[in-house]
Amino acid sequence: MGERSGMNSSGATERDIAVTGIGLVTPAGIGTDASWQGVLGGVSAAAIDPHLEGIKSDISCRVPDFDATTLLGRKAARRLDRFVQLALVAAREALVDAQLDPQEWDAPRVGVVIGCGMGGAQTWEDQHTRMLEHGPAKVSAMLIPMLVPNMVAGQVAMEYGATGPNLVTATACASGATAIGTARDLIRAGTCDIVIAGGTEAGLTPLSVAGFAQMGALSERTDDPAAASRPFDVERDGFVPAEAAGLLILERTAHARARGVRSHARLVGYGASADAYHVTAPDPEGKGAGQAIRAALDDAGLDAGDVDHVNAHGTSTPLNDVSEARTVRRILGDEVAVTSTKGVTGHSLGAAGAIEAVFTVLAVRHDLIPPTANLDSQDPEIELDVVAKSPRETTVDVALSNSFGFGGQNAVLAVAKA
Amino acid sequence: MTVYDKVKEILVEKFGVEEDEVKPEATFEDLDLDSLDLVEFALAAEEELGVRISDEEAEELDTLDDTVKLLEEKGATVEGG
């Protein structure tokens with residue numbers, strides 16, 4: 001890491017952002033501990049999903065035992081779509097973890113930026129069915145407030161009284177990472193001291209999953225669903241759709257220091273780009289993805305050789321994994337330790353970039369890289385050091401988290417030790 | 001079953017209101033129900049009691065007692081009640 005002006009004794013600069021809180025709700029479990037232990041365990045959460053009956057790929061990764069009434073109360077259970085419910089539970093955990101008391105913070109200086117690809121998909125489908133069966137006069141007055149994607153940031157603000165900038169980012173499967181990068185920009189620009197940032201998705205509905213299946217994007221390994229999500233494996237045949245939420249408390253370093261709160265890690269870089277190539281296929285040469293990785297490194301003042309670990313986008317689709325591997329190898333070389341936590345969690349679309357940012361933060365914090373589940377026989381075209389079978393204990397000073405969205409939108413985050 | 005019983009059933013089953021909170025003098029505000037909930041309540045009442053409450057009437061609803069009176073004036077009946 002190059003010497004730069006403005007560094008203090010811990011190596012942090014005023015451009016760096018402290019990650020002081022994290023919260024997760026994933027198919028590996030509710031809460032950061034359950035989710036982290038789940039990805040370290042390397043056992044896939046994928047299973048046949050009765051809600052998706054009739055779809056050729058009826059496999060999904062759902063959050064286990066998520067009871068909104070118990071976790072959030074009856075009113076939230078009734079009036080909020082699941083993508084908001086998942087995020088509220090993650091937000092609560094992240095705020096407690098960051099030791100923040102919303103009664104005491106400077107509300108206009110607290111922002112909320114959350115990524116979401118789909119919004120309230122289940123609400124859309126339920127109310128559409130209702131309209132077709134009973135007519136437009138029976139459509140719920142809660143339809144719009146429940147389904148609009150921006151409502152998740154609005155609800156987090158209402159719950160905690162955060163009155164700073166408030167928005168939702170939509171870059172498909174990169175939405176969560178884009179949100180974290182955008183939040184970082186709000187802090188660097190001096191607009192916010194704290195931003196609650198991350199992503200959420202709960203789109204495991206018949207219509208949306210049927211759409212992904214018709215694209216040929218999903219694994220059809222229905223005879224062995226637990227082996228369906230297998231990033232970088234030679235037998236991979238598509239991704240497994242998932243639901244999840246992940247939120248981080250990003251904080252101006254000086255602000256965190258003044259509060260005396262510890263940081264899990266520092267967010268030191270963000271790079272974003274567009275492929276400008278195709279609606280769903282990645283640029284085969286990975287130009288856009290490579291541009292985003294380079295941008296994140298430049299932004300952080302890092303050299304390629306500084307990177308110890310990459311939490312890959314690694315969806316388990318034939319195209320993504322080989323294209324991403326080539327790009328990572330071209331820029332970072334073949335010694336960096338790569339993993340895809342999607343082997344365990346499946347692909348949670350707009351939440352993926354956020355939950356993987358949290359896993360990256362934890363890898364940096366604990367010097368521990370989770371394995372890629374189901375990696376039995378690495379594709380010979382994937383010429384990378386992919387962590388398989390069991391977690392790897394190794395020094396992780398700097399790590400990247402890659403996220404690439406349909407539409408060619410790429411977002412890369414760089415994380416370093418606190 | 002009376003119209004009041006039916007209103008209580010709707011509030012408990014569809015709106016998640018605690019049974020002991022439902023009292024004739026309770027207002028929708030007391031039950032933490034807002035204007036969007038009132039539109040939903042009007043839809044549920046139409047389904048269960050066969051009478052229509054207009055949006056304007058829904059906005060004016062105050063206590064459960066008033067609500068039951070309005071429903072009864074409109075000819076609401078409950079099977080077996």
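Up top is the structure these notes are about.
Bear in mind that the values here come from a model prediction, so they are computed numbers and not experimental data.

I'd like a rundown of the overall build of chain B, residues and numbers included.
On a plain count of helices and strands, chain B comes out with 4 helices and 0 strands. Against the 2.2 N^0.38 benchmark of 12 Å for 81 residues, chain B shows a C-alpha radius of gyration of 11 Å, consistent with a compact globule. Seen along its three principal axes, the alpha-carbon backbone of chain B occupies a region of about 30 × 30 × 20 Å. Within chain B, buried positions represent 28% of all 81 residues. Taking as baseline every contact in chain B between residues at least 6 positions apart, the subset at least 24 positions apart corresponds to 61%.

I'd love a proper account of the overall build of chain A, names of residues and values included.
Across its full length, chain A holds 14 helices and 16 strands. For chain A, whose C-alpha radius of gyration is 20 Å, the value lies close to the compact-globule estimate of 22 Å for 418 residues. Across its three principal directions, the C-alpha atoms of chain A cover 65 × 55 × 40 Å. Evaluated residue by residue, chain A yields a buried proportion of 58% over its 418 residues.

Now, about the packing of helix α11 (residues 287–300) of chain A against helix α12 (residues 318–332) of chain A: what can you tell me, with residues and values included?
Residue and element names in this part refer to chain A. Running from N to C, α11 and α12 cross one another at 40°; their axes reach a closest spacing of 9 Å. By the angle class used here, α11 and α12 are oblique. α11 and α12 meet at a crossing whose hand is right-handed. Residues A289, G290, I293 and R294 of α11 pack against E324, T327, R330 and I331 of α12. The residue makeup of the contact of α11 with α12, split by class, is 3 nonpolar, 2 polar and 3 charged.

Now, about the interface of chain A and chain B: what can you tell me, with residues and values included?
Opposite the 9 residues of chain A that make contact, chain B presents 7 residues. Per-element tally for the side of chain A that touches chain B: the top contributor is helix α3 (residues 74–79) of chain A, with 4 residues.

Talk me through the pairing of strand β9 (residues 265–274) of chain A; I want residue IDs and the actual numbers.
Residue and element names in this part refer to chain A. Of all 10 residues that make up β9, 9 are buried, and the element is covered over most of its length. Sheet topology note: the strand β1 (residues 17–26)/β9 ladder contains 3 bridges and is antiparallel. Within the sheet, the bridge partner assigned to A18 lies in β9 and is R266. By the bridge criterion, 8 bridges tie β9 to strand β16 (residues 409–416) in an arrangement that is antiparallel. Residue pairing across strands places A274 opposite Q409, the latter belonging to β16.

Summarise unusual backbone geometry; cite the residues concerned and give the values.
Residues and elements named next belong to chain A. Of note, the phi angle at L349 is positive, near 50°, even though the residue is not glycine. By secondary structure assignment, the location of L349 is in the loop between α13 (342–345) and α14 (352–366). The class of L349 is buried, set by 31 C-beta atoms lying within 10 Å.

Account for α12(A), naming residues and giving values.
Residue and element names in this part refer to chain A. With 15 residues, α12 extends 21 Å from end C-alpha to end C-alpha; this agrees with the ideal 21 Å at 1.5 Å per step. Taken as a whole, α12 has its buried residues at N320, D321, S323, E324, A325, T327, V328 and L332. Here the buried face of α12 lies against α11, β10 (309–311), β11 (337–339) and β15 (398–405). Directly after α12, the chain includes G333, whose backbone phi takes a positive value near 85°.

Just give me the short version of the pairing of strand β7 (residues 194–201) of chain A, but keep the residues and values in it.
Residue and element names in this part refer to chain A. Within β7, 8 of the 8 residues are buried, leaving the element largely enclosed by the surrounding structure. Burial along β7 is two-sided: I194, I196, G198 and T200 and V195, A197, G199 and E201, pointing in opposite directions, are all buried. Bridge count between strand β5 (residues 110–115) and β7: 6 bridges; the pairing is parallel. In the strand pairing of β7, V110 is matched with I194. Pairing geometry for β7 and strand β8 (residues 244–252), over 8 bridges, is antiparallel. When the bridges of β8 are listed, G198 appears paired with L247.

Give a detailed account of the nonpolar core, specifying residues and quantitative values.
Formed by 129 residues in total, the largest nonpolar core has its most connected members in A:A87, A:I114, A:V156, A:V195, A:A197, A:L248 and A:L413. Once residues within four sequence positions are removed from consideration, A:L248 is found in contact with A:V19, A:G21, A:I22, A:A94, A:I180, A:A197, A:G198, A:A357 and A:V358. By size, the runner-up hydrophobic cluster in this structure holds 19 residues, among which are B:F28, B:F41, B:L43 and B:L49.

Residue-level account of the packing of helix α4 (residues 82–97) of chain A against helix α7 (residues 151–160) of chain A, with values.
Residue and element names in this part refer to chain A. Put simply, α4 and α7 touch, their axes get as near as 10 Å, and they point 45° apart. In terms of axis orientation, α4 runs oblique to α7. For the element pair α4 and α7, the recorded crossing hand is right-handed. Residues F83, V84, A87, L88, A91 and L95 of α4 form the contact with α7, whose own contacting residues are M151, V152, Q155, V156, E159 and Y160. In terms of residue class, the contact of α4 with α7 is made up of 10 nonpolar, 1 polar and 1 charged.

For the environment of A:G286, give the residues involved together with the corresponding values.
Residues and elements named next belong to chain A. If you trace the backbone, G286 turns up in the loop between β9 and α11. Put simply, G286 and N320 are 34 residues apart on the chain and 9.4 Å apart in space, counted from C-alpha to C-alpha. With near-sequence residues (within four places) excluded, G286 lies in contact with S323, E324, R326 and T327.

Parameters and conventions
- Residues numbered from 1 in each chain as written.
- Chains lettered and ligands numbered in written order.
- Predicted model: local features only at pLDDT ≥ 70, side-chain atom pairs only at ≥ 80, totals over all residues.
- Helix = DSSP H or I, 4+ residues; strand = E, 2+ residues; numbered from the N terminus.
- Rg over C-alpha atoms; globule rule 2.2 N^0.38 Å.
- Buried ≥ 20, exposed ≤ 12 C-beta atoms within 10 Å, placed from the backbone.
- Contact = placed C-beta atoms within 7 Å.
- Axes fitted to C-alpha atoms, helices over the stretch in contact; angles between N-to-C directions.
- Parallel < 35°, antiparallel > 145°, perpendicular 65-115°, else oblique.
- Left-handed = near helix turned anticlockwise from the far one by under 90°.
- Nonpolar A, V, L, I, M, F, W, Y, C, P; charged D, E, K, R; others polar.
- Pairing = 2+ DSSP bridges.
- Expected span 1.5 Å × (residues − 1).
- Core = buried A, V, L, I, M, F, W, Y, C linked by C-beta atoms within 7 Å.

Limitation: the analysis is restricted to geometry and does not speak to function.
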